Amino acid sequence: MMLNNDLGWYTYDGIYGQYFHHNGGLLNGLSPAQGLVRGIMHLSEGYDALLLVNSWGAPNIIDTIGLIVKAFETR
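Worth saying up front: this structure is predicted, and the values here are computed from it rather than measured.

Engineer: Report on the packing of aromatic side chains, specifying residues and quantitative values.
Structural biologist: Under the counting rule described, the total for this entry stands at four aromatic pairs. Ring centres 5.8 Å apart and planes at 20 degrees place the aromatic pair Y12 and Y19 in the stacked group. Accessibility expressed as a relative area gives 0% for Y19, which makes it buried. Aromatic pair Y16 and F72: ring centres 5.6 Å apart, planes at 75 degrees, arrangement edge-to-face. Here the residue Y16 occupies a position in the loop between β1 (10-14) and β2 (17-27), and F72 occupies one in helix α1 (residues 64-73), the gap between them amounting to 56 residues. Assessed through its relative accessible area of 36%, Y16 is described here as partly exposed. One aromatic cluster in this structure is built from Y12, Y16, Y19, Y47 and F72.

Written out as structure tokens, the structure reads:
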């Protein structure tokens, strides 16, 4: 439903065409901080991937989308 209705997806032009993704993180506010970082992608050829990292390292440090793209494009 998110993909078909264009709800919150960003586009990425990869070597196998256009991919659609969304990412972010959740933080509980405790000290030390505990949380998770996640990324979801709809890749070409009908593949979907989700990566959930059970750690908080800031979304720009744990690049879930970059990791999914790298794994898909080096297959």
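Engineer: Help me get a handle on the nonpolar core, residues and values and all.
Structural biologist: Grouped together as the largest cluster of nonpolar side chains are seven residues: Y19, M41, L43, I65, I68, V69 and F72. At four residues, α1 tops the list of elements feeding residues into this core. Setting aside its immediate chain neighbours within four residues, I65 contacts H21, H22, N23, G39, I40 and M41.

Engineer: Can you break down the side chain of T64 residue by residue, with the values?
Structural biologist: Looking at the secondary structure, you find T64 in helix α1. A distance of 3.5 Å separates a polar side-chain atom of T64 from the backbone nitrogen of G39. T64 has contacts with N23, V37, R38, G39, L51 and V53, leaving out every residue within four places of it along the chain.

Engineer: Report on the confidence of the model for the protein chain, specifying residues and quantitative values.
Structural biologist: Per-chain confidence: the protein chain averages 81 in pLDDT, with 84% of residues scoring 70 or above. Across the protein chain, element-level confidence peaks in α1 with a mean pLDDT of 90 and bottoms out in β2 with 84.

Engineer: Outline the sheet that holds strand β4 (residues 48-53), listing residues and values.
Structural biologist: Taken together, four strands build an open sheet; the order of strands is β1-β2-β3-β4 and the sheet is antiparallel. Looking at strand neighbours, the two that pair on one side only are β1 and β4, the edges of this open sheet. Recorded for the sheet is a direction-independent mean angle of 25 degrees between the axes of neighbouring strands. As paired strands, strand β3 (residues 35-42) and β4 are joined by six bridges and run antiparallel to one another. Looking at β4, one finds that R38 is bridged to L52. The sheet contacts of α1 involve β1, β2, β3 and β4, and relative to β3 the element is tilted by about 45 degrees.

Rules and cut-offs
The residue numbering used here restarts from 1 in each chain and proceeds along that chain's sequence as written. Since the coordinates come from a predicted model, pLDDT governs what is reported: local features require at least 70, and pairs of side-chain atoms require 80 or more to be given and counted, while whole-chain, interface and lining totals use all residues. Only hydrogens and water are set aside when side-chain values are computed; all heavy atoms of the structure are taken into account. Think of it this way: a Phe, Tyr or Trp ring, Trp meaning its six-membered ring, pairs with another when their centres are within 6.5 Å, and the plane angle makes it stacked under 30 degrees, edge-to-face over 60, tilted otherwise. Using a 1.4 Å probe on the protein chains alone, a residue whose accessible area is under 20% of its type maximum counts as buried, one over 50% counts as exposed, and one in between counts as partly exposed. The helix and strand labels rest on DSSP assignments: H or I over at least four residues marks a helix, E over at least two residues marks a strand, and numbering proceeds from the N terminus. By nonpolar core we mean a set of buried residues, namely Ala, Val, Leu, Ile, Met, Phe, Trp, Tyr and Cys, connected to one another through side-chain atoms within 4.5 Å. Residue contacts are defined here by distance: any two heavy atoms, one from each residue, within 4.5 Å place the two residues in contact. Distance and chemistry together define a polar contact, namely a pair of N or O atoms within 3.5 Å, with one atom able to donate a hydrogen and the other to accept it when in protein, and with adjacent residues in sequence counting only for side-chain atoms on both sides. Residue-level confidence of the predictor is what pLDDT reports, using numbers from 0 through 100. Here the rule is simple: two strands pair whenever DSSP picks up at least two bridges between them. Fitted lines through C-alpha atoms give the axes, limited to the stretch in contact for helices. The angle between two N-to-C directions lies from 0 to 180 degrees.

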